[in-house]
Amino acid sequence: MSVRPILTVDSDLAVLKQKSLPVERVDDDLRRLMDDMLETMYAAPGIGLAAIQIGEPKRVIVMDLAREGEPPQPRYFVNPEILWRSEETVPYEEGCLSVPEIYDEVERAARVRVRYLNYQGAEIEEEAEGLFAVCIQHEMDHLEGVLFIDHLSRLKRERAIKTVRKAAKQAA
Ligand code: K1U
Ligand code: ZN
(Lines give C-alpha, C1' and ligand atoms only; values in the text may rest on other atoms or scores of the structure.)
(Ligands and ions follow the chains in the order given, each with its own letter.)
Protein backbone atom coordinates (compact mmCIF):
# COMPACT_ATOMS: atom_id res chain seq x y z
CA MET A 1 0.00 0.00 0.00
CA SER A 2 1.21 3.52 -0.65
CA VAL A 3 0.22 7.11 -0.03
CA ARG A 4 -0.24 8.78 -3.42
CA PRO A 5 -0.17 12.53 -4.21
CA ILE A 6 -3.63 14.16 -4.19
CA LEU A 7 -4.36 16.33 -7.24
CA THR A 8 -5.43 19.89 -6.49
CA VAL A 9 -7.31 22.57 -8.44
CA ASP A 10 -4.34 24.91 -8.72
CA SER A 11 -2.29 22.57 -10.94
CA ASP A 12 -4.55 19.65 -11.95
CA LEU A 13 -7.96 21.18 -12.70
CA ALA A 14 -8.19 19.60 -16.19
CA VAL A 15 -7.69 16.09 -14.75
CA LEU A 16 -10.17 16.69 -11.91
CA LYS A 17 -12.80 17.84 -14.46
CA GLN A 18 -12.60 14.48 -16.32
CA LYS A 19 -15.55 12.07 -16.19
CA SER A 20 -14.45 8.74 -14.69
CA LEU A 21 -15.10 5.42 -16.45
CA PRO A 22 -16.95 2.37 -15.10
CA VAL A 23 -14.83 -0.46 -13.70
CA GLU A 24 -15.14 -3.80 -15.54
CA ARG A 25 -14.33 -6.13 -12.64
CA VAL A 26 -13.38 -6.00 -8.98
CA ASP A 27 -10.06 -7.85 -9.00
CA ASP A 28 -6.78 -7.73 -7.06
CA ASP A 29 -5.48 -4.79 -9.15
CA LEU A 30 -8.57 -2.77 -8.27
CA ARG A 31 -8.31 -3.80 -4.59
CA ARG A 32 -4.68 -2.54 -4.62
CA LEU A 33 -5.92 0.81 -5.98
CA MET A 34 -8.63 0.95 -3.25
CA ASP A 35 -5.99 0.14 -0.58
CA ASP A 36 -3.79 3.00 -1.87
CA MET A 37 -6.77 5.34 -1.92
CA LEU A 38 -7.70 4.48 1.67
CA GLU A 39 -4.13 4.98 2.89
CA THR A 40 -3.93 8.30 0.99
CA MET A 41 -7.26 9.43 2.51
CA TYR A 42 -6.19 8.51 6.08
CA ALA A 43 -2.84 10.29 5.62
CA ALA A 44 -4.44 13.53 4.33
CA PRO A 45 -6.58 13.22 6.55
CA GLY A 46 -10.03 13.07 5.00
CA ILE A 47 -13.32 11.19 5.25
CA GLY A 48 -13.67 10.33 1.56
CA LEU A 49 -11.68 10.12 -1.67
CA ALA A 50 -12.52 9.49 -5.34
CA ALA A 51 -9.99 7.71 -7.59
CA ILE A 52 -9.70 10.73 -9.92
CA GLN A 53 -8.23 12.68 -6.98
CA ILE A 54 -5.11 10.51 -7.32
CA GLY A 55 -5.25 10.72 -11.13
CA GLU A 56 -7.15 7.45 -11.82
CA PRO A 57 -10.29 8.12 -13.89
CA LYS A 58 -12.19 5.08 -12.50
CA ARG A 59 -15.62 5.07 -10.81
CA VAL A 60 -14.25 4.15 -7.37
CA ILE A 61 -14.70 5.87 -3.99
CA VAL A 62 -13.39 5.12 -0.50
CA MET A 63 -14.79 6.53 2.72
CA ASP A 64 -14.47 6.24 6.50
CA LEU A 65 -16.93 8.16 8.65
CA ALA A 66 -15.81 6.70 12.01
CA ARG A 67 -15.49 9.38 14.71
CA GLU A 68 -12.28 9.93 16.66
CA GLY A 69 -11.77 7.08 19.16
CA GLU A 70 -14.01 4.69 17.19
CA PRO A 71 -12.48 1.74 15.32
CA PRO A 72 -11.88 2.40 11.59
CA GLN A 73 -14.86 1.70 9.31
CA PRO A 74 -13.42 1.68 5.76
CA ARG A 75 -16.00 1.55 2.99
CA TYR A 76 -15.51 0.99 -0.74
CA PHE A 77 -17.87 1.94 -3.57
CA VAL A 78 -17.27 0.67 -7.10
CA ASN A 79 -19.50 1.91 -9.95
CA PRO A 80 -21.89 3.64 -7.51
CA GLU A 81 -25.29 4.79 -8.79
CA ILE A 82 -27.87 6.99 -7.11
CA LEU A 83 -31.23 5.23 -7.47
CA TRP A 84 -33.29 7.83 -5.59
CA ARG A 85 -32.78 11.18 -3.86
CA SER A 86 -35.12 12.83 -1.36
CA GLU A 87 -36.81 16.08 -2.29
CA GLU A 88 -35.78 17.41 1.09
CA THR A 89 -32.34 19.06 1.00
CA VAL A 90 -29.89 20.00 3.76
CA PRO A 91 -26.95 22.42 3.86
CA TYR A 92 -23.50 21.21 4.96
CA GLU A 93 -20.18 23.06 5.26
CA GLU A 94 -18.05 20.95 2.86
CA GLY A 95 -14.34 20.70 2.27
CA CYS A 96 -12.31 18.85 -0.37
CA LEU A 97 -8.77 17.51 -0.34
CA SER A 98 -8.42 18.78 -3.94
CA VAL A 99 -9.42 22.32 -2.83
CA PRO A 100 -7.35 22.49 0.37
CA GLU A 101 -8.31 24.85 3.21
CA ILE A 102 -11.52 26.02 1.50
CA TYR A 103 -14.86 25.30 3.18
CA ASP A 104 -18.31 26.45 2.12
CA GLU A 105 -21.94 25.46 2.42
CA VAL A 106 -23.48 23.21 -0.22
CA GLU A 107 -27.14 22.15 -0.32
CA ARG A 108 -27.72 18.49 -1.24
CA ALA A 109 -30.45 15.85 -0.96
CA ALA A 110 -30.94 14.85 2.69
CA ARG A 111 -31.20 11.14 1.80
CA VAL A 112 -30.17 9.04 -1.21
CA ARG A 113 -30.53 5.39 -2.17
CA VAL A 114 -27.32 4.02 -3.70
CA ARG A 115 -26.29 0.81 -5.47
CA TYR A 116 -22.61 -0.15 -5.79
CA LEU A 117 -20.12 -3.02 -5.70
CA ASN A 118 -18.11 -3.43 -2.48
CA TYR A 119 -14.46 -4.50 -1.90
CA GLN A 120 -15.39 -8.12 -2.66
CA GLY A 121 -17.40 -7.20 -5.77
CA ALA A 122 -20.78 -7.93 -4.14
CA GLU A 123 -23.72 -5.73 -5.17
CA ILE A 124 -25.08 -3.61 -2.30
CA GLU A 125 -28.11 -1.32 -2.16
CA GLU A 126 -28.60 0.99 0.80
CA GLU A 127 -30.04 4.30 1.92
CA ALA A 128 -27.69 7.04 3.09
CA GLU A 129 -28.53 9.95 5.36
CA GLY A 130 -26.63 12.52 7.44
CA LEU A 131 -22.89 12.82 6.72
CA PHE A 132 -22.97 9.57 4.71
CA ALA A 133 -25.48 11.15 2.29
CA VAL A 134 -23.43 14.37 2.03
CA CYS A 135 -20.15 12.54 1.49
CA ILE A 136 -21.41 10.00 -1.09
CA GLN A 137 -22.98 12.83 -3.16
CA HIS A 138 -19.75 14.89 -2.92
CA GLU A 139 -17.64 11.89 -4.00
CA MET A 140 -20.04 10.87 -6.79
CA ASP A 141 -19.78 14.43 -8.11
CA HIS A 142 -16.01 13.81 -8.45
CA LEU A 143 -16.80 10.86 -10.76
CA GLU A 144 -18.59 13.34 -13.07
CA GLY A 145 -15.77 15.90 -12.88
CA VAL A 146 -17.79 18.14 -10.56
CA LEU A 147 -16.19 19.80 -7.52
CA PHE A 148 -18.04 21.19 -4.51
CA ILE A 149 -16.95 24.70 -5.55
CA ASP A 150 -18.96 24.18 -8.78
CA HIS A 151 -22.06 24.44 -6.56
CA LEU A 152 -20.98 27.93 -5.43
CA SER A 153 -21.22 31.27 -7.25
CA ARG A 154 -18.68 31.96 -10.00
CA LEU A 155 -17.12 34.64 -7.81
CA LYS A 156 -16.64 32.25 -4.86
CA ARG A 157 -15.35 29.48 -7.15
CA GLU A 158 -12.76 31.70 -8.82
CA ARG A 159 -11.72 33.14 -5.46
CA ALA A 160 -11.29 29.60 -4.05
CA ILE A 161 -9.03 28.53 -6.94
CA LYS A 162 -6.96 31.74 -6.61
CA THR A 163 -6.56 31.14 -2.85
CA VAL A 164 -5.37 27.54 -3.42
CA ARG A 165 -2.99 28.71 -6.18
CA LYS A 166 -1.53 31.42 -3.93
CA ALA A 167 -1.05 28.97 -1.04
CA ALA A 168 0.66 26.45 -3.36
CA LYS A 169 3.04 29.16 -4.67
CA GLN A 170 3.90 30.22 -1.13
CA ALA A 171 4.56 26.62 -0.11
CA ALA A 172 6.87 26.03 -3.13
O1 K1U B 1 -11.72 15.55 -1.10
C2 K1U B 1 -12.64 14.82 -0.76
O3 K1U B 1 -13.49 14.44 -1.54
C4 K1U B 1 -12.69 14.40 0.69
C5 K1U B 1 -13.54 15.32 1.56
C6 K1U B 1 -14.88 14.66 1.77
C7 K1U B 1 -16.00 15.54 2.26
C8 K1U B 1 -15.86 16.34 3.36
C9 K1U B 1 -16.92 17.11 3.81
C10 K1U B 1 -18.13 17.06 3.15
C11 K1U B 1 -18.25 16.27 2.05
C12 K1U B 1 -17.18 15.50 1.60
C13 K1U B 1 -12.79 15.48 2.88
O14 K1U B 1 -12.53 14.55 3.54
S15 K1U B 1 -12.34 17.09 3.36
C16 K1U B 1 -11.60 16.84 4.95
C17 K1U B 1 -12.59 16.56 6.03
O18 K1U B 1 -13.77 16.74 5.87
C19 K1U B 1 -12.11 16.04 7.35
C20 K1U B 1 -10.78 15.86 7.60
C21 K1U B 1 -10.38 15.37 8.83
C22 K1U B 1 -11.29 15.06 9.80
C23 K1U B 1 -12.62 15.25 9.55
C24 K1U B 1 -13.04 15.73 8.32
ZN1 ZN C 1 -13.69 16.31 -2.83
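As a reminder, the structure under discussion sits directly above these lines.
Anyway, here's the lowdown on the structure attached to this text.

Procedures and definitions
- Residues numbered from 1 in each chain as written.
- Chains lettered and ligands numbered in written order.
- Predicted model: local features only at pLDDT ≥ 70, side-chain atom pairs only at ≥ 80, totals over all residues.
- Heavy atoms only, no water.
- Helix = DSSP H or I, 4+ residues; strand = E, 2+ residues; numbered from the N terminus.
- Rg over C-alpha atoms; globule rule 2.2 N^0.38 Å.
- Buried < 20%, exposed > 50% of the residue type's maximum accessible area, 1.4 Å probe, protein only.
- Contact = heavy atoms within 4.5 Å.
- Lys, Arg positive; Asp, Glu negative; His and termini not counted.
- Charge placed at Lys NZ, Arg CZ, Asp CG, Glu CD.
- Donors = N, O, S within 2.8 Å, 3.2 Å for Na, K, Ca; no water.
- Near = heavy atom within 4 Å.
- Polar contact = N/O pair within 3.5 Å; in protein donor to acceptor, adjacent residues only side chain to side chain.
- Areas by Shrake-Rupley, 256 points an atom, 1.4 Å probe, with all protein chains shown as cover.
- Patch = residues over 30% accessible without salt bridge, like charges linked within 9 Å, V, L, I, M, F, W, Y side chains within 5 Å.
- Salt bridge = Lys/Arg side-chain N within 4 Å of Asp/Glu carboxyl O.

**Notes on the overall build of the chain**
The helix and strand inventory of the chain stands at 4 helices and 7 strands. The N-to-C order of helical and strand elements in the chain reads α-α-β-β-β-β-β-β-β-α-α. A globule of 172 residues ought to have a C-alpha radius of gyration of about 16 Å, and the chain, at 16 Å, matches this closely. On the principal axes, the C-alpha backbone points of the chain span a range of 45 × 40 × 35 Å. Within the chain, the proportion of its 172 residues that are buried is 41%. A sequence separation of at least 24 residues applies to 63% of the contacts in the chain between residues at least 6 apart. Across the chain, the centroid of the 23 positively charged side chains sits 6 Å from that of the 32 negatively charged ones.

**Structural notes on the coordination of the zinc ion (ligand 2)**
The zinc ion (ligand 2) binds to the protein through Cys96 (SG), His138 (NE2) and His142 (NE2), with metal-donor distances spanning 2.1 to 2.3 Å. Counting residues between consecutive donors of the zinc ion (ligand 2) along the chain gives the motif C-x41-H-x3-H. Placement of the pair is Cys96 in the loop between strand S4 (89-94) and strand S5 (104-109) and His138 in helix H3 (residues 130-143), with a sequence separation of 42 residues. With respect to burial, Cys96 and His138 carry one shared label: buried.

**With respect to the environment of Gly130**
Structurally, Gly130 is set in helix H3. When the C-alpha positions of Gly130 and Ala110 are compared, they lie 6.8 Å apart, and in sequence the two are 20 residues distant.

**Some points on the site of ligand 1**
Around ligand 1, the surrounding shell holds 14 residues, and the nearest of these are Ile47, Gly48, Gln53, Leu97 and Glu139. Taking Leu97, its main chain carries an N or O atom lying 2.7 Å from an oxygen atom of ligand 1. Contact between ligand 1 and Glu139: an oxygen atom at 2.7 Å from a side-chain N or O atom of the residue. Contact with the protein chains hides 78% of the accessible area of ligand 1, taken as 530 Å² for the molecule alone. Breaking the shell around ligand 1 down by element, the ones donating at least two residues are S4 and H3. For the shell around ligand 1, the leading source of residues is H3, giving 4 residues.

**Some details on a positive patch on the surface**
Residues Arg159, Lys162, Arg165 and Lys169 make up a contiguous surface patch of positive charge. Looking at the secondary structure, you find Lys169 in helix H4 (residues 154-171). For Lys169, a relative accessible area of 66% gives the class exposed.

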